[in-house]
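Observations on the model geometry
Next come the chains, spelled out residue by residue.
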Amino acid sequence: MTLRPAAAPASAPAETPRGKAAGEAYAVLRAMILDGELAPDERITIDAVSRRLEISQTPVREALQRLEGDNLVVSSPGRGYSTTPLLGPEELRALFEFRLLVEPWAARSAAVDRLSNPGRGLRAELAALEEAIGEGGDLRQLLVAHDTRFHGLILEAAGNPVVRHAFEQTHCHLHTFRLYPADIGGDRTAEEHAEIAAAISACDGAGAEAAMSRHIFNAFDRFAQAYTDDGGLPALERSSRPRMRVAR
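The paragraphs below set out a description of the structure included in this document. Please read all numbers here as calculations on a predicted model, not as lab measurements. (Residues numbered from 1 in each chain as written. Predicted model: local features only at pLDDT ≥ 70, side-chain atom pairs only at ≥ 80, totals over all residues. Heavy atoms only, no water.)

Some thoughts on the overall build of the protein
Regarding its fold elements, the protein presents ten helices and three strands. The secondary structure elements of the protein, listed N-terminal to C-terminal, are α-β-α-α-β-β-α-α-α-α-α-α-α. Looking at the protein as a whole, 42% of its 248 residues are labelled buried. On the protein, roughly 13,300 Å² of surface is accessible, and the fraction owed to carbon and sulfur atoms is 53%. (Helix = DSSP H or I, 4+ residues; strand = E, 2+ residues; numbered from the N terminus. Buried < 20%, exposed > 50% of the residue type's maximum accessible area, 1.4 Å probe, protein only. Areas by Shrake-Rupley, 256 points an atom, 1.4 Å probe, with all protein chains shown as cover.)

Observations concerning the sheet that holds strand β1 (residues 43-44)
Taking strand neighbours across the sheet as the criterion, the three strands line up as β1-β3-β2 in an open arrangement whose pairing is antiparallel. Each edge of the open sheet carries a strand with a single partner, namely β1 and β2 (73-76). Pairing of β2 with strand β3 (residues 80-83), which is carried by four bridges, proceeds in the antiparallel orientation. Bridge assignment links Ser75 to a residue of β3, and that residue is Tyr81. In the packing of helix α3 (residues 57-69) onto the sheet, the strands contacted are β1, β2 and β3, and the crossing angle to β2 comes to about 110 degrees. (Pairing = 2+ DSSP bridges. Contact = heavy atoms within 4.5 Å. Axes fitted to C-alpha atoms, helices over the stretch in contact; angles between N-to-C directions.)

Some words on the packing of aromatic side chains
Taken as a whole and assessed by the stated rule, the structure comprises two aromatic pairs. Centroid distance Phe96 to Phe220: 5.6 Å. Interplanar angle 70 degrees. Geometry classified as edge-to-face. With Phe96 in helix α4 (residues 89-112) and Phe220 in helix α10 (residues 205-223), this residue pair connects regions lying 124 residues apart in the sequence. Of the two residues, Phe96 and Phe220, both sit in the buried class. Positioned over the ring face of Tyr26 is Arg66, at 3.6 Å from the centre of the ring. (Phe/Tyr/Trp six-rings, centres within 6.5 Å; stacked < 30°, edge-to-face > 60°. Lys NZ or Arg CZ within 6 Å of the ring centre and 35° of its normal.)

Describing α3
In this model α3 runs 19 Å from its N-terminal to its C-terminal C-alpha over 13 residues, within 8% of the 18 Å that 1.5 Å per residue would give. When α3 is considered as a whole, its buried residues turn out to be Pro59, Val60, Ala63, Leu64 and Leu67. All buried residues of α3 project into a common sector of 140 degrees when viewed along the axis, lining one side. Trailing α3 by a residue or two, Asn71 shows a phi angle of about 65 degrees, which is positive. (Expected span 1.5 Å × (residues − 1). Arc of directions from axis to C-beta.)

Section: the side chain of Arg30
The residue Arg30 is located in helix α1 (residues 17-34) in this model. Polar side-chain contacts of Arg30 include one of 3.4 Å to the side chain of Gln141. (Polar contact = N/O pair within 3.5 Å; in protein donor to acceptor, adjacent residues only side chain to side chain.)

Comments concerning the nonpolar core
In terms of nonpolar packing, the biggest core is built from 36 residues, with Leu92, Phe96, Phe150, Ile154, Ile196, Ile200 and Phe220 touching the most fellow members. For this core, the elements supplying multiple residues, two or more each, are α4, α5 (119-134), α6 (139-158), α9 (187-201) and α10. Those residues in contact with Leu92 that sit more than four places away from it in its chain are Leu87, Thr176, Leu179, Phe220, Phe223, Ala224, Tyr227 and Leu233. Counting residues in hydrophobic clusters, the runner-up holds 26 residues, among them Ile33, Ile55, Leu129 and Leu174. (Core = buried A, V, L, I, M, F, W, Y, C linked by side-chain atoms within 4.5 Å.)

Looking at the packing of α6 against α9
Relative to each other, α6 and α9 sit at 20 degrees, their axes nearing to 12 Å. Relative to α9, the element α6 is oriented roughly parallel. Our pair here, α6 against α9, has a crossing hand that is left-handed. Contacts between α6 and α9 involve His146, Asp147, Phe150, His151 and Ile154 on the former and, on the latter, Thr189, His193, Ile196, Ala197 and Ile200. Residue composition of the contact of α6 with α9, by class: five nonpolar, four polar and one charged. (Parallel < 35°, antiparallel > 145°, perpendicular 65-115°, else oblique. Left-handed = near helix turned anticlockwise from the far one by under 90°. Nonpolar A, V, L, I, M, F, W, Y, C, P; charged D, E, K, R; others polar.)

What to know about the environment of Asp35
Looking at the secondary structure, you find Asp35 in the loop between α1 and β1. For the pair formed by Asp35 and Phe177, sequence separation is 142 residues and the distance between their alpha carbons is 8.9 Å.

And the structure:
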């Protein structure tokens, strides 16, 4: 695989060759991790990546540092870099319990604020996804990017930067799409996103909250299929309240 830097637009400052190589190495490695070409908990050798991509080791290191920030790779003394393990059953449940606390509220907040209502942007994002799927390409990559942008638009419109930052730090889009291609065609995800977008566009706060809750429950059920070999994963409680633990 050979990375060939593209010419920078005349109006934009030229990017350094090392920066361009690091960005392309990041994109290639990220795709390999999300597609399973680099298995969970697999060691990544900088020299091997450098030779495969025909670039120096410095941009590879920079790319791995970015991936570490995404929680897609980890570094450890003596071992170097390796891909992170998949989410375990309890980690998946905890992630979706967090989403139930944050995202239905965000959808309602975005819907009732007519000035910052993101309905038009959400509909445009769905149209862009449909067009991109029609043009071909890596479907999982398209779904990850779409999911990130779609939910990001809603959280941004909710107007609470602290909540948005906390949500972004979960990297839920990257981690859940590594689990299992339960909606590999993206049809169910797109349908549920369309319901959310319609309610937000109509400034229907209660409808947007309900549509987002349904989407999160359904998404959990889809990704929970990854654990059927372990006896299955019980469904989320139909409540927005997280489980309570009593300290002893």
